[in-house]
Amino acid sequence: MAVSGLFKAGLVEWMTTMTYQAASGAGAAKMLELAKQMECLTNPTRLTPSENALEVDRMTIEAQRALNLPTQEIGAPLAGSLIPWIDRHMPGGQTREEWKGMAETNKIMNLVPPVPVDGICVRVGTMRCHSQGLCFKLTKDVHFLILNRC
């Protein structure tokens, strides 16, 4: 809630958020499948080592597209890639994860009327380490020193 001061001061007209979420956010089974996918992607280069980056890239893409790549848990190849869809579809075209961004922000901050929060949530091919980017439309110009006091 590092930006709660902006909300409490009524300075946020709307916000967009971009989250990049690791496999750990989806649970242990997804983490294990990601590890198996990573193994499938690196096996070809171990069996046929190459110093040619284009050849390694070709082998990796081939492994990502292979029918034997485990995708039962995640539903798609995540290793060496990303999936721009987390959770299920919600009315209005958002995913549930994107919808939660607005619902939880407004609930936690007790914002009345609610502040619109739009988002993009992406699952990335890493085991841990989520990250987030924020963009705000403020209701007025705010000098940097004011932000430090919020």
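Residues numbered from 1 in each chain as written. Predicted model: local features only at pLDDT ≥ 70, side-chain atom pairs only at ≥ 80, totals over all residues. Heavy atoms only, no water.

Asks: Any details on the layout of surface pockets? Residues and values, ideally.
Replies: Taken as a whole, the largest pocket encloses approximately 420 Å³ of empty space. Elements with a minimum of two residues in the lining of the largest pocket: β1 (12–21), α4 (96–109), β3 (117–124) and β4 (131–138). The element best represented in the lining of the largest pocket is α4, accounting for eight residues. Class assignment of the residues belonging to the lining of the largest pocket gives a composition of ten nonpolar, seven polar and five charged. (1 Å grid on protein atoms, 1.4 Å probe; cavity = no way out; pocket = protein on both sides within 12 Å on 5 of 7 lines; lining within 4 Å. Points joined across faces, edges and corners; volume = space filled by probe spheres on them. Helix = DSSP H or I, 4+ residues; strand = E, 2+ residues; numbered from the N terminus. Nonpolar A, V, L, I, M, F, W, Y, C, P; charged D, E, K, R; others polar.)

Asks: With reference to specific residues and values, describe the environment of threonine 16.
Replies: On the secondary structure map, threonine 16 appears in strand β1. As for threonine 16 and glutamine 72, which are separated by 56 residues in sequence, their C-alpha atoms are 32 Å apart. Setting aside its immediate chain neighbours within four residues, threonine 16 contacts Asp118, Gly133, Leu134 and Cys135. (Contact = heavy atoms within 4.5 Å.)

Asks: Go over unusual backbone geometry with me, naming the residues and quoting the values.
Replies: The omega torsion across valine 112 and proline 113 is -5 degrees, close enough to zero to call that bond cis. Considering the arrangement of structural elements, one finds proline 113 in the loop between α4 and β3. One non-glycine residue, asparagine 110, lies in positive phi territory at about 55 degrees. Tracing the sequence through the fold places asparagine 110 in the loop between α4 and β3.

Asks: Provide a residue-level description of the pairing of β3, including the pertinent values.
Replies: Side-chain direction in a regular strand flips from residue to residue, so the side chains alternate between the two faces of the sheet. Along β3, six of the eight residues are buried, which leaves the element largely enclosed by surrounding structure. Pairing geometry for strand β2 (residues 82–83) and β3, over two bridges, is antiparallel. When the bridges of β3 are listed, isoleucine 83 appears paired with arginine 123. (Buried < 20%, exposed > 50% of the residue type's maximum accessible area, 1.4 Å probe, protein only. Pairing = 2+ DSSP bridges.)

Asks: For helix α3 (residues 53–65), give the residues involved together with the corresponding values.
Replies: Along an α-helix, residues three or four apart share an orientation, since each turn contains 3.6 residues. Between its terminal C-alpha atoms α3 stretches 18 Å, which fits the 18 Å expected from 13 residues at 1.5 Å a residue. Regarding α3, the residues found buried are Met59, Ala63 and Gln64. Down the axis of α3, the smallest arc covering the buried residues is 140 degrees, so these residues share one side. Turned more than 90 degrees away from the buried face of α3, the exposed residues are Leu54, Glu62 and Arg65. On its buried face, α3 is in contact with α2 (28–47). The N-cap of α3, judged by a side-chain oxygen 2.9 Å from the amide nitrogen of leucine 54 a few residues on, is asparagine 52. (Expected span 1.5 Å × (residues − 1). Arc of directions from axis to C-beta. Polar contact = N/O pair within 3.5 Å; in protein donor to acceptor, adjacent residues only side chain to side chain.)

Asks: Explain the state of the cysteines residue by residue, including any values.
Replies: Evaluation of the coordinates by the stated rule reveals zero disulfides. We note that cysteine 121 lacks a disulfide partner, and the nearest cysteine sulfur, in cysteine 135, lies 15 Å from it. (Disulfide = S-S within 2.5 Å.)

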